[in-house]
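# Geometric and topological summary
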Amino acid sequence: MKRLFAALLSAVLLFGFAPAAHADVAGLTLCADSPRFQERAAAAATEQAKARFSMYSQASCGEDGLPHLVVDGRFSHAGDFLIPSLLFLYMAGWIGWAGRSYMMAIRGKGSQMKEIQIDTGLALTCALGAAKWPVDAIGEMRSGAMFADDSQISVSPR
């Protein structure tokens, strides 16, 4: 009985009753072809709004007539998510590298005060130098300067 049930279940799953999946992007259409988007665009009153709707007409819209981001890894949609996310990671790394460079530059006597009252000249120098942080990070990883020796890392006595 169990084998018969398993065979029937396999046959149902193999031939299936579900509709075939389509390869489009979640039922989205080009905004220029969406009737709801065209209604919204026709209601635009200012030149700024008309320019925005003109720009978004090349995006992908849902049934609601609103543009949607497509994050599926295709290079045709790189401007939707990939490029902004890479720019975000670059900027976050730039800020982090500038802070790291500043903290390394003020090591020593009086460093606590320079953390409270920031030396703006030094901070600007560190921020400008951090623009090339990916190159510096790769160089420090290859040389081993980014990593501490095991003897310098404290370990709990447990």
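Here goes a summary of the coordinates provided. (Residues numbered from 1 in each chain as written. Predicted model: local features only at pLDDT ≥ 70, side-chain atom pairs only at ≥ 80, totals over all residues. Heavy atoms only, no water.)

### What about the state of the cysteines?
- Within this structure, the stated rule accounts for one disulfide.
- The disulfide that involves C31 links it to C61, with 1.8 Å between the sulfurs. Every disulfide takes its handedness from the sign of the S-S torsion; for C31 and C61 that torsion is 95°, giving right-handed. Of this pair, C31 sits in the loop between β1 (29-30) and α2 (35-42) while C61 sits in strand β2 (residues 60-61), placing them 30 residues apart in sequence. The same class applies to C31 as to C61, namely buried. (Disulfide = S-S within 2.5 Å. Helix = DSSP H or I, 4+ residues; strand = E, 2+ residues; numbered from the N terminus. Buried < 20%, exposed > 50% of the residue type's maximum accessible area, 1.4 Å probe, protein only.)

### Regarding the packing of helix α4 (residues 82-105) against helix α7 (residues 133-143)
- Contact pair α4 / α7: the axes reach a minimum separation of 10 Å and the direction vectors enclose 65°. Contacts between α4 and α7 involve L89, Y90, G93, W94, W97 and R100 from the former and W133, P134, D136, A137 and E140 from the latter.
- Tallied by class, residues from the contact of α4 with α7 come to seven nonpolar, one polar and three charged. (Axes fitted to C-alpha atoms, helices over the stretch in contact; angles between N-to-C directions. Contact = heavy atoms within 4.5 Å. Nonpolar A, V, L, I, M, F, W, Y, C, P; charged D, E, K, R; others polar.)

### Notes on the sheet that holds strand β3 (residues 67-68)
- On the basis of which strands lie adjacent, the open sheet formed by three strands has the order β1-β2-β3 and antiparallel pairing. The open sheet has two edge strands with one neighbour each: β1 and β3.
- In this sheet, β2 lies alongside β1 in antiparallel orientation, the contact comprising two bridges. Bridge assignment links T29 to a residue of β2, and that residue is C61. (Pairing = 2+ DSSP bridges.)

### Side note on a nonpolar patch on the surface
- A contiguous nonpolar surface patch, about 790 Å² in accessible area, is contributed by F75, L82, I83, L86, L87, F88 and L89.
- Looking at the secondary structure, you find L86 in helix α4.
- Overall, the relative accessible area of 51% leaves L86 in the exposed class. (Patch = residues over 30% accessible without salt bridge, like charges linked within 9 Å, V, L, I, M, F, W, Y side chains within 5 Å. Areas by Shrake-Rupley, 256 points an atom, 1.4 Å probe, with all protein chains shown as cover. Salt bridge = Lys/Arg side-chain N within 4 Å of Asp/Glu carboxyl O.)

### A closer look at the packing of aromatic side chains
- By the definition in use, this model includes three aromatic pairs.
- The interplanar angle of 65° and the centroid separation of 5.4 Å between the aromatic rings of F37 and F53 together place this pair among those described as edge-to-face. One end of the pair, F37, is in helix α2; the other, F53, is in helix α3 (residues 47-56), and 16 residues separate them in sequence.
- Looking at F37, the relative accessible area reads 2%, which means it is buried.
- Residue classification places F53 among the buried positions, given a relative accessible area of 19%.
- Members of the aromatic cluster, each reached through a chain of ring pairs, are Y90, W94 and W133.
- Residue placement shows R52 over the ring face of F53; its charged tip is 6.0 Å from the ring centre. (Phe/Tyr/Trp six-rings, centres within 6.5 Å; stacked < 30°, edge-to-face > 60°. Lys NZ or Arg CZ within 6 Å of the ring centre and 35° of its normal.)

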